[in-house]
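Chains, contacts and geometry: an overview
The primary structure of each chain is shown beneath.
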Amino acid sequence: MSAGGRDPLRIAVPKGRVLSGLARLFARAGIDCGDLLADDRRLVRDSGDGRLRFYLLKPDDVPTWVEYGAADLGVSGRDVLMERRYRLYQLVELGIGRCRLVVATRKGAVVPDAPRIATKYRELAAAHFGARGIQAEIVYVQGSVELAPLTGLADAIVDLVETGTTLVENDLEERETIAEISSVLVANPALYKLRLAEARGVVERLRAAVESAGEA
Ligand code: PRP
């Protein structure tokens, strides 16, 4: 790797619903992100000026790429950062990907004293119920979590809610909010120092764009 700026700065970004908001944020920050939103299957996309290289990842994998130094910067949901501990700098709250981590059940369901909870957030769910003295059994599932209470797999779920549509369309209701979530710009500590000049330009432009959006 070159510290002289010849190699593009590598940014791990999440595929899926956050990506369009991220591209808009880059545009507001005056940062060229090339064909980041192109509708194809390429997992590597460069900015038009060749300074940035984006790696498209499953959202849960972004911190791993950055922690191991395979990317310099990354955009990760706070849910992922809270669920597992990573050695990363958390640089900027980006104000995109806003959602909530909640407990939800079937509408009007009576939750037993020792409930079974379906979730992919094993640590956060265990900590949430543990802090309330509730002996919850955590059942790990990777997706379609909302199906769990409908089919008897679990009494409740811990999952993300953005618009609320998935809960409504599956006759579920939110019972508690565990955390407010949004996307965070993270950096590999060693690489961030090594490539500080290049990285800081991107970081400060993003920070300014987030702050000006907050004032608007
Ligand atoms: C997430 C989350 C919920 C849904 C909530 O799933 O796990 O299922 O979005 O969004 P809403 O409140 O706007 O309906 P996602 O669509 O990312 O897919 P997944 O089930 O594969 O995790």
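Residues numbered from 1 in each chain as written. Predicted model: local features only at pLDDT ≥ 70, side-chain atom pairs only at ≥ 80, totals over all residues. Heavy atoms only, no water.

**Considerations on the packing of aromatic side chains**
- Applying the stated criterion across every chain, the model contains two aromatic pairs.
- An angle of 85° between the planes, with centres 5.5 Å apart, marks the rings of Phe 26 and Phe 54 as edge-to-face. Residue Phe 26 is located in helix H1 (residues 18-28), and its partner Phe 54 is located in strand S3 (residues 52-57); the two are separated by 28 residues in the primary sequence. With respect to class, Phe 26 is no different from Phe 54; both count as buried. (Phe/Tyr/Trp six-rings, centres within 6.5 Å; stacked < 30°, edge-to-face > 60°. Helix = DSSP H or I, 4+ residues; strand = E, 2+ residues; numbered from the N terminus. Buried < 20%, exposed > 50% of the residue type's maximum accessible area, 1.4 Å probe, protein only.)

**A closer look at the site of the ligand**
- Around the ligand sit Arg 17, Ser 144, Glu 146, Asp 159, Leu 160, Val 161, Glu 162, Thr 163, Gly 164, Thr 165 and Thr 166, and that is every residue in its neighbourhood.
- Between the ligand and Asp 159 there is a distance of 2.7 Å, counted from an oxygen atom to a side-chain nitrogen or oxygen.
- One nitrogen or oxygen atom from the side chain of Thr 163 is found 2.5 Å from an oxygen atom belonging to the ligand.
- If the ligand stood free it would expose 500 Å²; the protein chains cover 66% of that surface.
- Considering every element that reaches the shell around the ligand, the biggest residue donor is strand S9 (residues 156-161), with three residues.
- Here the shell around the ligand is composed, by residue class, of two nonpolar, five polar and four charged. (Near = heavy atom within 4 Å. Polar contact = N/O pair within 3.5 Å; in protein donor to acceptor, adjacent residues only side chain to side chain. Areas by Shrake-Rupley, 256 points an atom, 1.4 Å probe, with all protein chains shown as cover. Nonpolar A, V, L, I, M, F, W, Y, C, P; charged D, E, K, R; others polar.)

**Quick look at the domain arrangement of the protein**
- Domain boundaries assigned for the protein yield domain 1 (9-97 + 182-215) and domain 2 (99-181).
- Taking the mean C-alpha position of each, domain 1 and domain 2 sit 29 Å from one another.
- Taken together, the contact between domain 1 and domain 2 spans eight residues of the former and eleven residues of the latter.
- Contact with domain 2 buries area across many residues of domain 1, yet Asp 79, Met 82 and Glu 83 alone supply 60% of it, more than any other trio.
- Connecting domain 1 to domain 2 are two salt bridges.
- With its nearest N and O atoms 2.4 Å apart, the salt bridge here joins Glu 162 to Arg 17. (Domains from an automatic or database assignment. Contact = heavy atoms within 4.5 Å. Buried area = accessible area lost by both parts, 1.4 Å probe. Salt bridge = Lys/Arg side-chain N within 4 Å of Asp/Glu carboxyl O.)

**Things to note about the sheet that holds strand S5 (residues 89-93)**
- Here six strands make up an open sheet; going across it, the order is S2-S3-S1-S4-S11-S5 and the pairing mixed. With one partner strand each, in any of the chains shown, strand S2 (44-46) and S5 form the two edges of the open sheet. For this sheet, the mean inter-axis angle between neighbouring strands, taken without regard to orientation, is 30°.
- As defined by bridge partners, S5 adjoins strand S11 (residues 183-187) across four bridges and the pair is classed as antiparallel. Counterpart to Gln 90 in the pairing with S11 is Val 186.
- Taken strand by strand, H1 contacts strand S1 (9-14), S3, strand S4 (73-77) and S11, and its axis lies near 140° from that of S1.
- Together, S1, S3, S4, S5 and S11 form the strand contacts of helix H8 (residues 196-215), whose direction differs from that of S5 by roughly 35°. (Pairing = 2+ DSSP bridges. Axes fitted to C-alpha atoms, helices over the stretch in contact; angles between N-to-C directions.)

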